[in-house]
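Here are the chains, one letter per residue:
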Amino acid sequence: MNRGFFITFEGGDGSGKSTQIQKLKEYLQSKGMDVILTREPGGTAISEKIREIILDPDNAEMSDQTEMMLYAAARAQLVNEVIEPVLNSGKSVICDRFVDSSMAYQAYGRGLGDMVWEVNQKAIGNCMPDLTILLKLDPDQGKNRISNRQQDRIEQASSDFHRKVYEGYLALEQRFPQRIKGIDASRDIEDIFKEIKDMVDDLMSRTV
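So, here is what we can say about the structure in this document.

Thresholds, definitions, all that
- Residues numbered from 1 in each chain as written.
- Predicted model: local features only at pLDDT ≥ 70, side-chain atom pairs only at ≥ 80, totals over all residues.
- Heavy atoms only, no water.
- Phe/Tyr/Trp six-rings, centres within 6.5 Å; stacked < 30°, edge-to-face > 60°.
- Helix = DSSP H or I, 4+ residues; strand = E, 2+ residues; numbered from the N terminus.
- Buried < 20%, exposed > 50% of the residue type's maximum accessible area, 1.4 Å probe, protein only.
- Lys NZ or Arg CZ within 6 Å of the ring centre and 35° of its normal.
- Polar contact = N/O pair within 3.5 Å; in protein donor to acceptor, adjacent residues only side chain to side chain.
- Contact = heavy atoms within 4.5 Å.
- Pairing = 2+ DSSP bridges.
- Core = buried A, V, L, I, M, F, W, Y, C linked by side-chain atoms within 4.5 Å.

## Quick notes on the packing of aromatic side chains
We describe a pair of aromatic rings using the distance from one ring centre to the other and the angle between the two ring planes. One pass over the full model with this rule turns up four aromatic pairs. Measuring from centroid to centroid gives 6.3 Å for Tyr-105 and Tyr-169, while their planes differ by 85°, and the two rings are edge-to-face. Taken as a pair, Tyr-105 in helix α4 (residues 99-109) and Tyr-169 in helix α7 (residues 159-175) lie far apart in primary sequence, 64 residues in all. When its relative accessible area of 5% is taken as the criterion, Tyr-105 is described as buried. Above the ring of Phe-193, the side-chain terminus of Lys-23 is found at 5.1 Å from the ring centroid. Here Arg-179 stacks its cationic end above the ring of Phe-176, 5.4 Å away from the centre of that ring.

This is how it looks when you write it as structure tokens:
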């Protein structure tokens with residue numbers, strides 16, 4: 001049995017990940033593929049409880065190191081309980097955020113550096129995405145898009161923090177060009193999806 005595809009979506013808040021993830025799921029299903037959607041942090045009962053702790057605005061005292069390790073813990077559970085078993089069964093996984101989020105938000109945004117990768121390598125083992133779609137949107141635009149909803153602890157962080165996160169994503173795109181594919185997320189939804197579809201079609205054609 002062939003292993004399924006593992007596709008992740010990355011980007012700042014308000015970049016449109018949820019919309020594009022749903023469209024990609026429907027597209028792959030139309031091609032006869034079994035697809036599971038999941039998210040980070042979350043995706044399992046344990047990981048969802050960790051998510052509540054991380055994102056709760058009342059937890060303002062949380063240290064950067066605690067935040068990093070909680071994300072890694074939620075990720076380890078998701079990989080072991082969902083992602084690896086699903087991929088090994090021949091189904092594909094689309095995940096809203098994965099390890100690149102920790103690199104952007106904690107390594108770059110929080111300034112924790114290489115420590116973040118070292119911790120997360122223990123959490124994910126050899127489980128890395130086949131393709132990571134990075135929806136690039138200026139953080140000020142993203143902030144405007146989510147301004148009318150209640151914001152979690154990470155969303156409430158300073159503009160300076162979100163600017164560092166964005167710059168972190170751009171650095172990761174440059175560092176891993178074979179896996180991370182950036183897309184201008186300020187454009188029309190259908191134009192963005194056409195580019196995503198082309199990337200996914202190319203991935204599938206290279207692995208047949």
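## Some points on the side chain of Gln-151
Its place among the elements puts Gln-151 in the loop between α6 (139-145) and α7. Within the structure, Gln-151 has its side chain in polar contact with the backbone oxygen of Ile-146 (distance 3.4 Å). Those residues in contact with Gln-151 that sit more than four places away from it in its chain are Pro-57, Lys-143, Ile-146 and Gln-156.

## What about the pairing of strand β1 (residues 6-11)?
With six of six residues buried, β1 lies mostly within the body of the structure. As defined by bridge partners, β1 adjoins strand β3 (residues 92-96) across four bridges and the pair is classed as parallel. By the bridge assignment, Thr-8 is partnered in β3 with Cys-95.

## Let's talk about the nonpolar core
Membership of the largest hydrophobic core comes to 23 residues, with the highest contact counts inside it found for Phe-9, Leu-24, Leu-28, Ile-133, Ile-196 and Val-200. Elements that contribute at least two residues to this core include exactly β1, α1 (17-30), β4 (131-136) and α8 (189-207). At seven residues, the largest contribution of residues to this core is made by α8. With near-sequence residues (within four places) excluded, Leu-28 lies in contact with Met-33, Val-35, Ile-94, Val-200 and Met-204.

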